[in-house]
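Take a look at the letters that make up each chain.
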Amino acid sequence: MCGIIGAVSTRNITDILLEGLRQLEYRGYDSAGIAVINNQNNLQLIRKLGKVNILAEAVKHNSLHGGTGVAHTRWATHGNLTEINAHPHISSNIIVVHNGIIENFQSLRQKLFKKGYTCVSDTDTEIIAHLVHFEQYQQGGKLEKIIKMIIPQLSGNYSIVIMDCLNPELLVAVRSGSPLIIGCGVGENFIASDQRALLQVTSRFIFLEDGDIAEITKTTIKIWNKIGQIVERPETLSKINNNEELYQKKNNFCHYMKKEIFEQPLVIKNTIESHINYGMITMAELGPDINILFSKIKHIKIIACGTSYHSAMVSRYWLEELAELPCDVEIASEFIYRQSIVQKNSLLITISQSGETADTLSALRLAKKMGYLGSLTICNIASSTIVRESDLVLITNAGIEIGVASTKTFTTQLTLLLIFVAYIVRLRKMNNILEKNIIEALANLPNRIEKILLLDNYIKKLAQAFINKEHALYLGRGTLYPIAMEGALKLKEISYIHAEAYAAGELKHGPLALVDETMPVIIIASNNKFLDKIKLNIEEVRIRGGQLYIFAEQNICLTKSNEMKIISLPNVEELVAPILFTIPMQMLAYHIALIKGTNVDQPRNLAKCVTVE
Ligand code: F6R
């Protein structure tokens, strides 16, 4: 989603802004822009469709120079993908960059039109610039006061940074839903939607809270809360360490996604090791009283979106089967708009890679008012809003994930969820052996994944058969049904092939009609209680001529036929099978996308961090 960076300094901040945009690229965007005020208080503005490099090239030719500026990557919500709709937007001396949505922008636009303002773009952002300009012209006074005046007129979730050519010594920022972080420097200060954009210049950060307005100059930072009181927000040192920086390098891989797929043995191991102490699972980060809270749990509600929702689905099987705890999982965007009933003694769990997903955050905020026992989040970003607003936090040790399609953050979510389930089982004194079995199965997992990664060339060859396909069907049962969903999602996201996943038992209830000799059907077959049933599904597809791709444990005996490709995988304990089977699904999607020549790391229309509803 949109990325913001701003700076007030005595030095030329153009390169800092551009580097910040590069660091924000992973969030997903369609255009980029930069505005810098020069020494004569003149605005230099460049906007470009496409990648930051195109913008950087244009900046080089126009030699931008100045100490105060803002820059932006736009992920379009209102208005087509055009240069004119790219940010920053201006109204005379006022310059605005914005992340989020102003829901009532059409009515504001009409009001402004009556006052003589004509919008040149189709965006909701431009009206903010005109509103500020109008109030400044009418009332005069400090920028921060004018912005306080216009905020009640704006509805929606947004963050904005505003700059004024008539007063280039400061930036004013508003956080209302979407994240904004101040970077503290010496004789200079910064603001961005993500601390990664600012690590190049500082490691000291102030996280704005919802409703905060900040006035930032070279030497001062003033913050007002939503009721207009001056507040001190704590300054924190970035938790992004050198290891994290390693994760940001592509090394010899041609895509982050491939690198992140191949990092999985390591990051899964890290996630396991950080939760095992003397052969027992530990949840030390949840504090000394956690067992008191956990022993009260009678129900678990899990809320998430996209890939994280798939890990929630897998964990429901684990929670109900292993811990005998009733569990419901729900897509965040559905939860927030329906009247739901809170079960007695229910723990709320949110799962989010980024910790900034607007739907999941809204769900958390809503649920906190509803009477859950408490809120636990499973997240990969320790400094994220969801982490800061949750009562309890479990962090996946996946390291930063740059590829828009989630890979290693999904498998580490699953790993952590399984560890969590084992802990609950021990606490409920149901089964002493299960914890041991889970630890053993997890310990063996990284090696088994390494073996699957060796299939890279083989899967690359298989991928050839998909390049002219428009559809694919994924089938799995039990905990492998959500893995089929995840496989289908990966294929859709990065190769733009329509893919659907079904619980294999549903095949004959409809999707079988789609199967003919052109349809690839990907089946996940594990040596579990469903094996005979999966074999029946394979036969149902085979006799209708479907092109079968069966990802199966090597100890499974299957009757081979010409239409069938069997991808033989290491045998695996049933408990960790969903984690293992995910890897070849990711590899298949990756190779198909690679052959199709799509933008694997930044697929069209998608964003890494979905900060708008
Ligand atoms: C898919 C993907 C998305 C995210 C979803 C939720 O590869 O990455 O479906 O899973 O947008 O994001 P988080 O987990 O950050 O809440």
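Note that the structure is predicted; figures quoted are calculated from it, not measured. (Residues numbered from 1 in each chain as written. Predicted model: local features only at pLDDT ≥ 70, side-chain atom pairs only at ≥ 80, totals over all residues. Heavy atoms only, no water.)

Q: Pulling in residues and values, what's your account of helix 14 (residues 408-427)?
A: Here helix 14 contains 20 residues, and its C-alpha end-to-end distance of 29 Å stays within 8% of the 28 Å for a straight helix at 1.5 Å per residue. The element helix 14 is largely enclosed, with a buried count of 18 among its 20 residues. K429 sits one or two residues past helix 14 and shows a positive phi near 50°. (Helix = DSSP H or I, 4+ residues; strand = E, 2+ residues; numbered from the N terminus. Expected span 1.5 Å × (residues − 1). Buried < 20%, exposed > 50% of the residue type's maximum accessible area, 1.4 Å probe, protein only.)

Q: Now, about the sheet that holds strand 9 (residues 181-184): what can you tell me, with residues and values included?
A: Overall, antiparallel pairing links the eight strands, which are arranged 3-2-4-1-10-9-11-15 in an open sheet. Each edge of the open sheet is held by one strand with a lone partner, namely strand 3 (43-49) and strand 15 (235-237). Adjacent strand axes in the sheet meet at a mean angle of 20° when their direction is disregarded. Bridge count between strand 9 and strand 11 (residues 204-207): three bridges; the pairing is antiparallel. Paired with I182 across the bridge in strand 11 is I206. Its contacts with the sheet put helix 2 (residues 52-62) on strand 2 (31-37), strand 3 and strand 4 (68-74), and the angle it makes with strand 3 is roughly 145°. (Pairing = 2+ DSSP bridges. Axes fitted to C-alpha atoms, helices over the stretch in contact; angles between N-to-C directions. Contact = heavy atoms within 4.5 Å.)

Q: Now, about the UniProt feature "domain: Glutamine amidotransferase type-2" (unreviewed entry) in the chain: what can you tell me, with residues and values included?
A: Mapped onto this structure's residue numbering, the UniProt feature "domain: Glutamine amidotransferase type-2" (unreviewed entry) falls at residues 2-219. From the first C-alpha to the last, residues 2-219 spans 27 Å; its make-up is 25% helix and 30% strand. (UniProt positions renumbered as here; feature names shortened; annotations may be inferred.)

Q: Quick one: what's the story with the pattern of salt bridges, residue by residue and with numbers?
A: Counting across every chain of the model gives 26 salt bridges. With a closest N to O distance of 3.8 Å, E215 and K142 form a salt bridge. Placement of the pair is E215 in strand 12 (residues 213-216) and K142 in the loop between helix 4 (125-139) and helix 5 (143-150), with a sequence separation of 73 residues. K142 sits in the partly exposed class, given a relative accessible area of 40%. Through salt bridges that share partners, R175, D210, R365 and E389 make up one connected network. (Salt bridge = Lys/Arg side-chain N within 4 Å of Asp/Glu carboxyl O.)

Q: An account of the site of the ligand is needed here, citing residue identities and associated values.
A: The environment of the ligand is made up of 15 residues, and the closest members are S308, S352, Q353, S354 and T357. Here an oxygen atom of the ligand sits 2.7 Å away from a polar atom, N or O, in the main chain of Q353. In the environment of the ligand, an oxygen atom lies 3.0 Å from a nitrogen or oxygen atom belonging to the side chain of K490. For the ligand, the protein covers 90% of the area, taking 410 Å² as the surface of the free molecule. Elements that contribute at least two residues to the shell around the ligand include exactly helix 10 (306-322) and helix 17 (480-495). Among the residues making up the shell around the ligand, the classes are represented as five nonpolar, eight polar and two charged. (Near = heavy atom within 4 Å. Polar contact = N/O pair within 3.5 Å; in protein donor to acceptor, adjacent residues only side chain to side chain. Areas by Shrake-Rupley, 256 points an atom, 1.4 Å probe, with all protein chains shown as cover. Nonpolar A, V, L, I, M, F, W, Y, C, P; charged D, E, K, R; others polar.)

Q: Go over the pairing of strand 13 (residues 221-224), please, and point to the residues and values.
A: Every regular strand shows the same layout, with side chains that alternate between the two sheet faces. When strand 12 meets strand 13, the two strands line up antiparallel, connected through four bridges. For E215, the partnering residue across the bridge sits in strand 13 and is K222. As consecutive antiparallel partners, strand 12 and strand 13 are separated by four residues. The sheet contact formed by strand 13 and strand 14 (residues 230-231) spans two bridges and is antiparallel.

Q: Go over the packing of helix 15 (residues 432-453) against helix 19 (residues 577-596) with me, naming the residues and quoting the values.
A: It is at 9 Å that the axes of helix 15 and helix 19 come closest, and there the two elements cross at 20°. On the basis of their axis angle, the class for helix 15 and helix 19 is roughly parallel. Note on packing geometry: the crossing formed by helix 15 with helix 19 is right-handed. When helix 15 is examined against helix 19, the residues L442, L445, R448, I449, I452 and L453 are found in contact with a partner set consisting of I579, L580, I583, P584 and M587. Looking at the contact of helix 15 with helix 19 residue by residue, the classes come out as 10 nonpolar, no polar and one charged. (Parallel < 35°, antiparallel > 145°, perpendicular 65-115°, else oblique. Left-handed = near helix turned anticlockwise from the far one by under 90°.)

Q: Describe the sheet that holds strand 26 (residues 547-553), listing the residues and the values that go with them.
A: Taken in spatial order, the five strands of this open sheet run 24-23-25-26-27, and their pairing is parallel. Only two strands of the sheet have a single neighbouring strand rather than two, namely strand 24 (498-503) and strand 27 (564-569). Across the sheet, the mean angle from the axis of one strand to that of its neighbour is 20°, orientation sign disregarded. With six bridges joining them, strand 26 and strand 27 adopt parallel strand pairing. Its bridge partner being in strand 27, L548 is matched across the sheet by M564. Strand contacts of helix 18 (residues 531-542): strand 25 (520-525), strand 26 and strand 27, with the helix running at about 165° to strand 25, the strand carrying the most contacts.

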